[in-house]
Amino acid sequence: MENLISLVNKLQHACTALGDHGEESTLPTLWDSLPTIAVVGGQSSGKSSVLESVVGKDFLPRGSGTELLQGAPWFCSSTGLMGQDNMRSSCALRIKELSKVNTCAFTALVRKEIADETDRGTGHTKQISTVPIYLSIYSPNVVNLTLIDLPGLTKVDIEGQPDSIVHEIESMVRSFIEKPNCIILAISPANQDLATFDAIKISREVGMKGERTFGVLTKIDLMDKGTDAVDILERRSYRLQYPWIGVVNRSQQDINKNIDMMAARIREREYFASTPEYKHLAHKMGSEHLAKMLSKHLESVIKSRIPGIQSLIAKATAELETELCRLGNPIAADAGGKLYTITEICRMFDAVYKEHLDGARSGGEKIYNVFDNHFPVALKRLQFEKHLTMENVKKLITQADGYQPHLIAPEQGYRRLIESCLVSIKGPAEAAVEAVHAILKELVHRAIKETHELKQFPTLRVEVSSAAFKALDRMRDRSKKNTLMLVDMECSYLTVDFFTKLPQDVEKGGSPTHSIFDRYNDSYLRRIGICQHGSIPKSIVYCQVREAKRSLLDHFFMELGARETKQLSKLLDEDPEVMERRVMLTKRLELYRSAQAEIDAVAWAK
Ligand SMILES: Nc1nc2c(ncn2[C@@H]2O[C@H](COP(=O)(O)OP(=O)(O)OP(=O)(O)O)[C@@H](O)[C@H]2O)c(=O)[nH]1
């Protein structure tokens, strides 16, 4: 029994330390893995007496009028009383510290509590109540188990009870004992015909092949003279998977005389040892033997549940770890720690952002699309013809040499013509800068969303995105300036090479007979634009994309260094609910880990 106490206590310790009392919980319950013991039998068959003798204490009211459902979940005081009221919603009787109450006082106290509770449940009508009474007794010396004293099964209606009572009791009993973790003590009085009792029948029905059922033959001492229970006890009749155990409980007279449990056990031992019919079976009879058998059985059942409990704990631990990981790390208290956390998170954001640009995540390809598609299309759409209308060309060329007549060729005029066309490229160039800017901003949104660590801190998230946007705005402005400058630069000086190439290029495709105006036609000027096509993206990538990759949060970091602890704390203003949940989960995880260690120790000791 001591081994069992220690084994169950360890498991129970693990369960109760986790605050797991079998209540509805999001986490898998360990409680269900532990067995309960229920006594089933006809009215006055001796159920309460057997329960008490297994426990070794008398506390249950017996005799007529106790057809109530008494459950006794047992806890040891070392695991505390926490959560009891949550665990059992209805009426819980709590008798604390069994060891501090003397037997008489204890008996009287518990009996009174049960009787009062029954009256409360049935309204003094002495009817059977289907509301369970849960009696929790805490002691370091008892096994932490749930013992259920069920109302007696009956075949006939009971006076003062509704007609449906026979079925009600049966279905109540069935609902308790059909749970696979319920060990059934089928109580049958030996002084009545066994065939007339349903205890075995009902427990066979729910207990599959009877592997959960222990037959207990009570009232052997009350059998008619000349009859005995040897056939049953020697497994010749009413055979069960486990041998029947005969017991001799205290009679009503003994109870009235206040014969205590110890004396009753001695007398029971003597009875079996001295009765000729049972002498040879004496070592397998009696309440003590029943208690030992049950202990052994419980031990093996509980041990067989250990792998299941271990996997429940492993599953719960994994779930806790996942959630904790999702909630992120707790925040450091000092400024240095906070600064470190912020920069680390920013670094992670930065890394995600770069991945978008470099192709590890999607989005960066949109920039290429601007250069490869939007920009050339925009160039194509430029209305060079407006510049090249005969009127405009004439005007420019005529104006170019002022009052002087052109001697050879209107070179100055060509220059002006080309310049004015090049200037119109500024529009598409600016549009490309803006398009890339929009893409870079959109990627900030995406990277913010995808940086898991930022989810924890809404304020930091806002600040990081606004810092990134500000940086991108600065880069955009610089890029625009540089790109437009590039166009200006192209316009400001046309090389000889440029000019010498003009007629040749035109001659390749064009007709030399065409006038000079026709030669520098629309498609030709477009080609000049296309020359720019290469350098404008270069400028944009250099000023915006490369910079965004290199120094998106540089300003922010510099500014961070100057912030005070209070301001840093503001950035890390986590949702208090998240903080609380993290603390709770961390505590629970620690408990699960220590429970795991304890249960592992039990498993290794097998
Ligand atoms: N002589 C003798 N009396 C017994 C034995 N077992 C139980 N009794 C007596 O039988 C009566 C009924 O016993 P209980 O233990 O209350 O039976 P129960 O099945 O719990 O009864 P209900 O809950 O009322 O159905 C009590 O007066 C007991 O003292 C026994 O083995 N021998």
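Figured I'd write up the structure that's included with this text. Treat the numbers as computed from the prediction; the structure is a model and nothing was measured.

1. Topic: the overall build of the chain
Line of reasoning, step 1. In terms of regular secondary structure, the chain is built from 23 helices and eight strands.
Line of reasoning, step 2. Residues counted as buried form 47% of the 606 residues belonging to the chain.
Line of reasoning, step 3. Summarising the internal contacts of the chain: among those between residues at least 6 apart in sequence, 80% fall at separations of at least 24.
Line of reasoning, step 4. Split by element, the accessible area of the chain, about 30,500 Å² in all, is 55% carbon and sulfur.

2. Here we look at the packing of helix α11 (residues 335-358) against helix α17 (residues 458-492)
Line of reasoning, step 1. Interaxial distance between α11 and α17 falls to 12 Å at its minimum, and their mutual angle equals 55°. Relative to α17, the element α11 is oriented oblique. Between α11 and α17 the crossing geometry is right-handed. On the side of α11, the interface is formed by Ile 342, Ile 345, Cys 346, Phe 349 and Tyr 353, while α17 contributes Leu 460, Val 464 and Leu 472.
Line of reasoning, step 2. Classifying every residue of the contact of α11 with α17 gives eight nonpolar, no polar and no charged.

3. Some details on the packing of aromatic side chains
Line of reasoning, step 1. The full count for this structure, using the stated rule, is five aromatic pairs.
Line of reasoning, step 2. Pairing Phe 214 with Tyr 242 gives two aromatic rings, centres 4.4 Å apart and planes at 5°, and the pair type is stacked. Of this pair, Phe 214 sits in strand β7 (residues 213-218) while Tyr 242 sits in the loop between α7 (230-233) and β8 (245-246); the two residues are 28 residues apart in sequence, bridging distant segments of the chain. The same class applies to Phe 214 as to Tyr 242, namely buried.
Line of reasoning, step 3. An angle of 35° between the planes, with centres 6.4 Å apart, marks the rings of Tyr 271 and Tyr 278 as tilted.
Line of reasoning, step 4. With relative accessibility at 22%, the residue Tyr 271 sits in the partly exposed group.
Line of reasoning, step 5. You can call Tyr 278 buried: its relative accessible area is 2%.
Line of reasoning, step 6. Taken together, the ring pairs connect Tyr 271, Phe 272 and Tyr 278 into an aromatic cluster.
Line of reasoning, step 7. Lying over the aromatic face of Phe 469, Lys 441 brings its terminal NZ or CZ to 5.3 Å of the ring centre.

4. Describing the pairing of strand β1 (residues 36-41)
Line of reasoning, step 1. For β1, a buried count of six out of six residues is recorded, marking the element as mostly surrounded by other parts of the structure.
Line of reasoning, step 2. Taking every second residue as pointing to the same face, both faces of β1 are buried, with Thr 36, Ala 38 and Val 40 on one and Ile 37, Val 39 and Gly 41 on the other.

5. Looking at the pairing of β7
Line of reasoning, step 1. Within β7, six of the six residues are buried, which leaves it mostly tucked inside the rest of the structure.
Line of reasoning, step 2. Both faces of β7 are covered, namely the face carrying Thr 213, Gly 215 and Leu 217 and the face carrying Phe 214, Val 216 and Thr 218.
Line of reasoning, step 3. Note: strand β6 (residues 182-189) against β7, six bridges, orientation parallel. For Pro 189, the partnering residue across the bridge sits in β7 and is Thr 218.

What counts, and where the lines are drawn
- Residues numbered from 1 in each chain as written.
- Predicted model: local features only at pLDDT ≥ 70, side-chain atom pairs only at ≥ 80, totals over all residues.
- Heavy atoms only, no water.
- Helix = DSSP H or I, 4+ residues; strand = E, 2+ residues; numbered from the N terminus.
- Buried < 20%, exposed > 50% of the residue type's maximum accessible area, 1.4 Å probe, protein only.
- Contact = heavy atoms within 4.5 Å.
- Areas by Shrake-Rupley, 256 points an atom, 1.4 Å probe, with all protein chains shown as cover.
- Axes fitted to C-alpha atoms, helices over the stretch in contact; angles between N-to-C directions.
- Parallel < 35°, antiparallel > 145°, perpendicular 65-115°, else oblique.
- Left-handed = near helix turned anticlockwise from the far one by under 90°.
- Nonpolar A, V, L, I, M, F, W, Y, C, P; charged D, E, K, R; others polar.
- Phe/Tyr/Trp six-rings, centres within 6.5 Å; stacked < 30°, edge-to-face > 60°.
- Lys NZ or Arg CZ within 6 Å of the ring centre and 35° of its normal.
- Pairing = 2+ DSSP bridges.

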